[in-house]
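# Coordinates in review
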Amino acid sequence: MKKLGIALILLGSIIFFSTVFIVDMTEQVVILQFGKPVKTIKEPGLHFKLPIPIQTATVFDNRLLEYDVPPEEILSKDKKSLIVDNYVRWKIVDPLLFLQTVQAIPTAITRLDDIVYSELRRELGTHNMSDIITENREIIMKQVTHNSKVATSPYGIEVVDVRIKRVDLPKENEKSIYARMEAERKRQANKFRSEGEEEAQKIRATTEKDKTIILANAYKESQQIRGEGEAIALEIYAKAFGADPDFYEFVRTLETYKKIIDEKTTLVLPSDSDLFKLIGNR
Amino acid sequence: MANRRIIIGDKEYQIPERLLSLGITPVLGIGFFLWLATGFYQVGPDEVGVVQRFGKVSRVVQSGLRYHFPYPVETVNTPKVTEVKRIEIGFRTVGKNQFRTVERESIMLTGDENIVDAEMIVQYKLKDPEAYLFNFVRPVLTVREASEASLRTIIGRHGIDKALTAGKLMIQEETKTLLQSILDKYDSGIQVVAVQLQDVSPPKSVIAAFKDVASAKEDKNRLINEAEGYRNDVIPKARGEAQAMIREAEGFKEARMKRAEGDVAKFNSMLKEYKKGKSITKKRLYLEAMEDILPGVEKFIVPDGEGGNLLNLLNLTGKESGGKK
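Residues numbered from 1 in each chain as written. Chains lettered and ligands numbered in written order. Predicted model: local features only at pLDDT ≥ 70, side-chain atom pairs only at ≥ 80, totals over all residues.

## As for the overall build of chain A
Scanning chain A from terminus to terminus reveals eight helices and ten strands. Its C-alpha atoms give chain A a radius of gyration of 57 Å, clearly above 19 Å, the size a compact globule of 282 residues would have. In chain A, buried positions account for 25% of the 282 residues. Long-range contacts, defined as pairs at least 24 residues apart, comprise 65% of the intrachain contacts of chain A with a sequence gap of at least 6. (Helix = DSSP H or I, 4+ residues; strand = E, 2+ residues; numbered from the N terminus. Rg over C-alpha atoms; globule rule 2.2 N^0.38 Å. Buried ≥ 20, exposed ≤ 12 C-beta atoms within 10 Å, placed from the backbone. Contact = placed C-beta atoms within 7 Å.)

Dropping the structure here:
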């Protein structure tokens, strides 16, 4: 009798515990009744269901999930090959639909990979390489995210974000970019050096010019000053000598004699000259 | 006191009868209290406690000794909320002051289709512990991937020269903004504290060409400076020379004037004398002048009337002459 009681309690508690279950913050649950879905629970907390084997609970992740897509070589509109490495952030928004169509995450990822890859390939195929690398990358990503979202919604999946981590060029293209960069820099370096020489030449030439002008101006000014000196002197002489021109001529002539006659001069003087008239008359 | 002998395996135990008569009640009691005791937990000063009751968040508590109903009723997470976490993009710290480049992460295309090597540090912390705990998987990977994507997107918007020089700060800010917007989109509860571009440099294989541009710039400046130096040498000298010419001319002018004045003064005083006795003075001046001139001069005095006939003098010079008869 006592043993039967214990068995009943045991059975009772097993049944009780299979009716109670906890849904965590990170989870969502689909209740199946004999394999047929009857309820979707997204609210965390303590929940009840009919005991096993009538109802079973299947748990799905409620969080934003990650999928790192392996790098792929994709052609741009201008037929340039790009190696695109992107990732996907997605979540299960309709666990029931998810359960019915893809069952579990690994299958879902396969499906996701197919869809995102083809959307990406299609979208990138409508843009030129420079667009993909530069300004429009975000617009492209938004478009791919949107298209993928639409395409995956029948699986109860929401694609939150498709994002390009890296866009690289194939190795051989990279080499040609390096070669171009090098050439560009060489051009710049040459330009700087030539500019330097140009500037320097300009400065030197201007210097020579300025020097010539400075000296010429100085010559002009000094000649003017000399001229002024001469003019003033002339004026002074003229004023004074004008008082008695004859006497001036006489004095000045004597002075001139003093200057021009020296020991190399041979003078022939007639005896009737003013100076020697006494000698001649003896 | 009677003992009950119990054999388990090949071991024999003596257990007092009284203990057995208590049944399993005390074991259950002790077990219950131990179970209750598992509810104590500590929240560190840099943490908060997020308590879930039956999976649902019931409260968030600050640091200290805390209690929650034991598992499975309540559970607790204690994320570090003040700690600033750090992620390295493009390189890894491998030891003290030792770094290893990760080219797969650091080599990227710029907007003008050049390639740069960029390294970055991202610092982040939790702004919403609940969101951080429950909204998404693999937080570190998420931040890393979003950071890489952000940096490349932003570098892709700018040209290489901007990325290498003046645009660094701008790129940093734009990357931070973009990264934060991505993490907000994921409702991650993460706050980006700082984005620091470490080293943005040209790729190794072309770095020499880039350095040569820098030295070319130096060369340019050097050439210009040398020319300026030349100018600074030549122009003052020329100005000095010019001043010398002008001063000399001024000196000449002054001298010319003074000489004129001197001459005039002399003349005037002579004139004064002359006016006192005209012919006498004239004669005196003449004779004085002759006294000055004639002593050093070779002279011939010829008689009257023959003054005009110079042929007579040819012998007297002592020189060869073909004119004598």
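Still to come is the rest of the account.
## Quick notes on the overall build of chain B
Looking only at helices and strands, chain B features nine helices and 14 strands. Radius of gyration (C-alpha) of chain B: 58 Å, far over the 20 Å computed for a compact globule of 325 residues. Expressed along its principal axes, the backbone C-alpha trace of chain B runs to roughly 195 × 50 × 45 Å. Across the 325 residues in chain B, those meeting the buried criterion constitute 23%. Considering only residue pairs separated by 6 or more positions, chain B has 60% of its internal contacts joining residues 24 or more positions apart.

## Some thoughts on the interface of chain B and chain A
Residue-level contacts link 89 residues of chain B with 90 residues of chain A. Listed by contribution, the elements that provide at least two residues to the side of chain B that touches chain A are β5 (56-61), α5 (139-157), α8 (207-276), α9 (278-293) and β14 (298-302) of chain B. Top contributing element to the side of chain B that touches chain A by residue count: α8 of chain B, with 40 residues. Bridge count for strand β10 (residues 266-270) of chain A against β14 of chain B is five bridges, and the pairing is parallel. The residue of β14 of chain B that forms the bridge with Val268 of chain A is Phe300 of chain B. (Pairing = 2+ DSSP bridges.)

## Concerning the sheet that holds strand β2 (residues 27-33) of chain A
Residue and element names in this part refer to chain A. As summarised here, the arrangement of the three strands in space is β3-β2-β5, forming an open sheet in which the pairing is antiparallel. The sheet is open, and its two borders are formed by β3 (36-41) and β5 (55-61), each paired with just one other strand. For this sheet the average axis-to-axis angle between neighbouring strands, irrespective of direction, equals 25 degrees. Relative to β3, β2 runs antiparallel, the two being bridged by five bridges. Residue pairing for β3: Ile31 is matched across the bridge by Lys39. (Axes fitted to C-alpha atoms, helices over the stretch in contact; angles between N-to-C directions.)

## Brief notes about the nonpolar core
General note: in soluble globular proteins, nonpolar side chains tend to be found buried as a group. Ranked by size, the top nonpolar core spans 60 residues in total, and within it Val88 and Ile157 of chain A together with Ala118, Val122 and Leu179 of chain B carry the most contacts. When near neighbours in sequence (up to four residues on either side) are disregarded, Ala118 of chain B contacts Gly90, Ser106, Met108, Leu151, Ile155, Ala163, Leu197 and Val200 of chain B. The next biggest cluster of nonpolar side chains, apart from the first, holds six residues, and it includes Ile214 and Ile225 of chain A together with Met245 and Ala249 of chain B. (Core = buried A, V, L, I, M, F, W, Y, C linked by C-beta atoms within 7 Å.)

## Remarks on the sheet that holds strand β4 (residues 49-53) of chain B
Residues and elements named next belong to chain B. With antiparallel pairing, three strands are arranged side by side in an open sheet as β5-β4-β7. Strands at the two margins of the open sheet, each flanked by one partner only, are β5 and β7 (74-77). Adjacent strand axes in the sheet meet at a mean angle of 25 degrees, parallel and antiparallel pairs treated alike. Taken together, the four bridges between β4 and β7 define a ladder with antiparallel strand orientation. Note on β7: the bridge partner recorded for Gln52 is Thr75.

## Let's talk about the packing of helix α7 (residues 245-260) of chain A against α8 of chain B
Between α7 of chain A and α8 of chain B, the shortest axis-to-axis distance is 11 Å and the interhelical angle comes to 115 degrees. Relative to α8 of chain B, the crossing made by α7 of chain A is right-handed. Between α7 of chain A and α8 of chain B, the contacting residues are Phe247, Tyr248 and Val251 of chain A on the first element and Phe267, Met270, Leu271 and Tyr274 of chain B on the second. (Left-handed = near helix turned anticlockwise from the far one by under 90°.)

## With respect to the packing of α7 of chain A against α9 of chain B
Axis separation between α7 of chain A and α9 of chain B bottoms out at 9 Å; the angle between their running directions is 5 degrees. Judged on the interaxial angle alone, α9 of chain B and α7 of chain A are roughly parallel. Contacts from Phe250, Val251, Leu254, Tyr257 and Lys258 of chain A in α7 of chain A reach Lys282, Leu285, Tyr286, Ala289, Asp292 and Ile293 of chain B in α9 of chain B. Among the residues forming the contact of α7 of chain A with α9 of chain B, the class breakdown is eight nonpolar, no polar and three charged. (Parallel < 35°, antiparallel > 145°, perpendicular 65-115°, else oblique. Nonpolar A, V, L, I, M, F, W, Y, C, P; charged D, E, K, R; others polar.)

## Describing helix α2 (residues 25-37) of chain B
The terminal C-alpha atoms of α2 of chain B lie 18 Å apart, and with 13 residues this matches the ideal 18 Å at 1.5 Å per residue to within 8%. For α2 of chain B, the buried fraction is low: zero of the 13 residues fall into the buried class. (Expected span 1.5 Å × (residues − 1).)

## Some words on the pairing of strand β9 (residues 91-95) of chain B
All names here are of chain B. Where burial is concerned, little of β9 is hidden: zero out of the five residues are buried. Strand direction decides the pairing type here: β9 and strand β10 (residues 98-101), joined by four bridges, are antiparallel. Bridge pairing in β10 places Arg92 opposite Arg100. Taking the residues between adjacent antiparallel strands as the criterion, β9 and β10 are bridged by two residues, where Asn97 takes a positive phi near 55 degrees.

## Some remarks on the environment of Lys266 of chain B
All names here are of chain B. In this structure, Lys266 sits in helix α8. Owing to 12 C-beta atoms within 10 Å, Lys266 belongs among the exposed residues under this scheme. When the C-alpha atoms of Lys266 and Ile154 are compared, they prove to be 97 Å apart, with 112 residues separating the residues in sequence.

## Brief notes about the confidence of the model for chain B
Looking at chain B, pLDDT values average 86 and 90% of them are 70 or higher. Predicted as a complex, the structure gets a pTM of 0.71 and an ipTM equal to 0.73. (pLDDT = per-residue confidence, 0-100.)

## Brief notes about the environment of Asp161 of chain B
Tracing the sequence through the fold places Asp161 of chain B in helix α6 (residues 160-164). The spatial distance from the C-alpha of Asp161 of chain B to the C-alpha of Glu119 of chain B is 16 Å, given a sequence separation of 42 residues.

## Considering unusual backbone geometry
Look at the link from Tyr71 of chain B to Pro72 of chain B: it is a cis peptide, with omega at 5 degrees. At Lys79 of chain A, a residue that is not glycine, the phi angle is positive and equals roughly 60 degrees. Despite not being glycine, Gln103 of chain A has its phi angle at roughly 65 degrees, a positive value. By secondary structure assignment, the location of Gln103 of chain A is in the loop between α2 (95-101) and α3 (105-124).

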